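Overview (structure and organization)
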Amino acid sequence: MKTFDLRGLLMPKDRNSVSTLRPLLSAGFLFSAAVLSLAAVALRPGVEALSEHYTKEPITVRKPLSEFDVSRLPSFRSGWTRSDIPPDDIETDEYAIIRLSAEQPAQMPKEVVLFVTYYSDPESKVPHTPDVCYRQGGAVLKSMKNTTIAIPGLAQQSKVTARLLLFRQRGYNQVVIFSFFADGQFRNSREQVRWTIGKPGNRHVYFSKIETVASYPTDGSPVPAINLCKKLFAEAVSILVSEHFPTKEQIKR
Amino acid sequence: MLSRQEPNSDKVAGAVARLVILLGLFIWMFRPELSRIISSVGKSSEWVHALAAPIMIALLAYHRRAALARRMSRGSLWGAVVLIAGLFVYAATTWPFRYGYFRDIAMILILAGIVLVACGWGALRLSLPMLLLVLLAIPLGDRIYARLIIRPETYTIQAVATALGRLPGVDTVIKGVDIFFESNLGRGVVALGQSNRGVRLLPAFAVVGVFVVFLQIRSIRRLVIVACAAIPIILFCNFFRFLCWGLLQVYIITDPTSAMPRNVSMILSLFLSYVLFVLVSSVRVNLFVDVDEDIRPQGAAYA
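Residues numbered from 1 in each chain as written. Chains lettered and ligands numbered in written order. Predicted model: local features only at pLDDT ≥ 70, side-chain atom pairs only at ≥ 80, totals over all residues. Heavy atoms only, no water.

With respect to the confidence of the model for chain B
Residue and element names in this part refer to chain B. Rules: Per residue, pLDDT captures the predictor's confidence, and it can take any value from 0 to 100. Contact definition: two residues touch when any of their heavy atoms are within 4.5 Å.
A residue-level look at chain B finds 91% of positions with pLDDT of 70 or above and a mean pLDDT of 88. Confidence drops under pLDDT 50 across residues 291-303; counting only partners more than four residues distant or on other chains, this segment forms 18 contacts. With pTM at 0.85, the complex prediction returns an ipTM value of 0.84.

In structure tokens form, the structure reads like this:
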């Protein structure tokens, strides 16, 4: 079935060249062709030049995370013993991985881990979140949802939305609470962090992942472990923001 | 915006000429992105369906040629607006927001603008399935994909482990994203080392569905029904793929390095998706009869 014939356009029998070209002279087509041509030539170099010109700079923490002072945590300054855990593939030199073990043998959970990493290289990729990487490590995800945590001592954003995950490990279960802190704002997903650090305006860029982890028995309730993780998260964040991470004024242009 | 003065063949020829020129400019502009997509899909079986997408798009266009010819007009200026919006998204996702996937998605907006400015609203409407195929052919970033599939992968792994564990003489244990099995024939891990082993080929199943469903022009009501059934079908095909893989490993191939279980399960599950989408899009139930009868003469003319 013949539907149309391009030859009619290219080799008209009884038309002049103006009528042949008429379909190509519409304003919308000419404008679009011009815009596409211009974009093909100039858009990519232009945007890359802008990107280079406005590249954000790294900024160091006010106080190294290795100097995180556990004795400043009101609920953990006594009755808990600190031990540092060596990092494993975290792509940053600025971190604190601290295990707090209860001195009372009867206390449950017996230990809780604070895991803080700090990134300031504009080329740094936002790391995988525990919901992805714990599963690769052998954990089975039981549930994941948002949870609101009140942070004492913060002038702004005193309530933070963090992610609460429950995992089943071999022989025990695990609670993980995590959130990101990017350019002075709390964010609870990688995409939110990327959006925040991408916003133009600031001179410097940084983001941090703050994570607390505790275990509980397979047949036990997760509530004590969740409460302990929340407590450590809240108290640690308060110190991290007020003493370690750069202030909003420091990152401005 | 149909011109009443132009003969139909001239109108179509003009629209096709505009479309070809603008698509040429599009390819010129996006050649780095297109070559990157082509090179990346060749490296991953997850996205290899992208190589078939151009053929599917050409086939869809061929099947719809009569309808497209009838609906082509002198184009709409709104196409230029859509095109500029696409370029803006492209620029913004290059700087300041670095989202590679959304930068690629901007190409679809620009393609929609091109079709609209060259051929008009009617042709754009008929081209939406082709644009959907382009969307499904664009690879999603590893980290975004890993995050999106957490829940379906968790449930699929649990379901497959349960199904395998109910077979006589087979015990299964889940550890992370691995299903460990033990049977009289041996022991092993299902799909050991395969990335996203619990959830793979979802876009490929979706591409099969889009192609099958839109090979004919169907009523809106049927499209709605198919759209509702699409996600369950895709998830079931994924479950079937992983179950086949497990069955083959438990009963036939216990060598974890063998590619046979992966390839066989992939082919079987893709075939299943084809069958299911054909069934859902063509089974005649009372709900559909009136609508399909209404459009059958039109559809027959297109074919």
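Further notes follow.
Observations regarding the packing of aromatic side chains
The test is simple: Note on aromatic contacts: the rings of Phe and Tyr and the six-membered ring of Trp form a pair at centre separations within 6.5 Å, being stacked when their planes are under 30 degrees apart, edge-to-face when over 60 apart, and tilted otherwise. For each residue, the accessible area found with a 1.4 Å probe, counting protein chains only, is set against the maximum for its type, and the residue is called buried under 20%, exposed over 50%, and partly exposed in between. Secondary structure elements are taken from DSSP: a helix is a run of H or I of four residues or more, a strand is a run of E of two residues or more, and numbering for both begins at the N terminus. Criterion for a charge above a ring: Lys NZ or Arg CZ within 6 Å of the ring centre, and within 35 degrees of the ring normal.
If you walk through the whole model with that rule in mind, you get 18 aromatic pairs over all chains. Between F76 of chain A and W80 of chain A, the aromatic rings sit 5.2 Å apart at their centres with planes inclined by 55°, giving tilted as the arrangement. Each of the two residues, F76 of chain A as well as W80 of chain A, counts as buried. Their ring planes at 20° and their centres at 5.3 Å tell us that F181 of chain A and F245 of chain A sit as a pair that is stacked. Within this pair, whereas F181 of chain A is found in strand β7 (residues 173-182), its partner F245 of chain A is found in the loop between α6 (223-244) and α7 (248-251), the two being separated by 64 residues in sequence. There is no split in this pair, since F181 of chain A and F245 of chain A are both buried. Here the aromatic cluster, defined as three or more aromatic residues joined through ring pairs, consists of Y118, F181, F186, Y206 and F245 of chain A. One cation-aromatic arrangement involves R65 of chain B over Y62 of chain B; the distance from NZ or CZ to the ring centre is 4.1 Å.

Section: the interface of chain B and chain A
Defined as follows: Summed over both partners, the accessible surface that disappears when two parts come together, traced with a 1.4 Å probe, is what is meant by buried area. Think of a salt bridge as a Lys or Arg side-chain nitrogen and an Asp or Glu carboxyl oxygen that are within 4 Å of each other. Pairs of N or O atoms within 3.5 Å make up the polar contacts considered here, provided that, within protein, one atom can donate a hydrogen while the other can accept it, and that residues adjacent in sequence are counted only when both atoms are side-chain atoms.
On the side of chain A, 51 residues touch chain B, which itself brings 52 residues to the contact. Interface area, chain B with chain A, both sides summed: about 5000 Å², of which 66% is carbon and sulfur. The largest per-residue losses of area from chain B upon contact with chain A belong to W95, R143 and R147 of chain B, which jointly make up 16% of the total buried on that side. Connecting chain B to chain A are five salt bridges. Between E153 of chain B and R135 of chain A there is a salt bridge; the shortest N-O distance is 2.7 Å. There are 12 residue pairs in polar contact (both at pLDDT 80 or more) connecting chain B and chain A. With 14 residues, the single largest contributor to the side of chain B that touches chain A is helix α1 (residues 8-29) of chain B.

Side note on the nonpolar core
What counts here: Note on terminology: a nonpolar core comprises buried Ala, Val, Leu, Ile, Met, Phe, Trp, Tyr and Cys residues joined through side-chain atoms within 4.5 Å.
Judged by nonpolar contacts, the single largest core of 78 residues is most densely connected at L36 of chain A together with L22, M29, I110, I114 and F277 of chain B. Looking at this core, the element that brings in the most residues is helix α6 (residues 100-119) of chain B, giving 13 residues. Aside from chain neighbours lying at most four places away, what touches F277 of chain B is F205, G209, V212, V213, V226, A230, I233 and I234 of chain B. If you look at the next biggest cluster of nonpolar residues, it comprises 45 residues, including F68, V70, L164 and Y206 of chain A.

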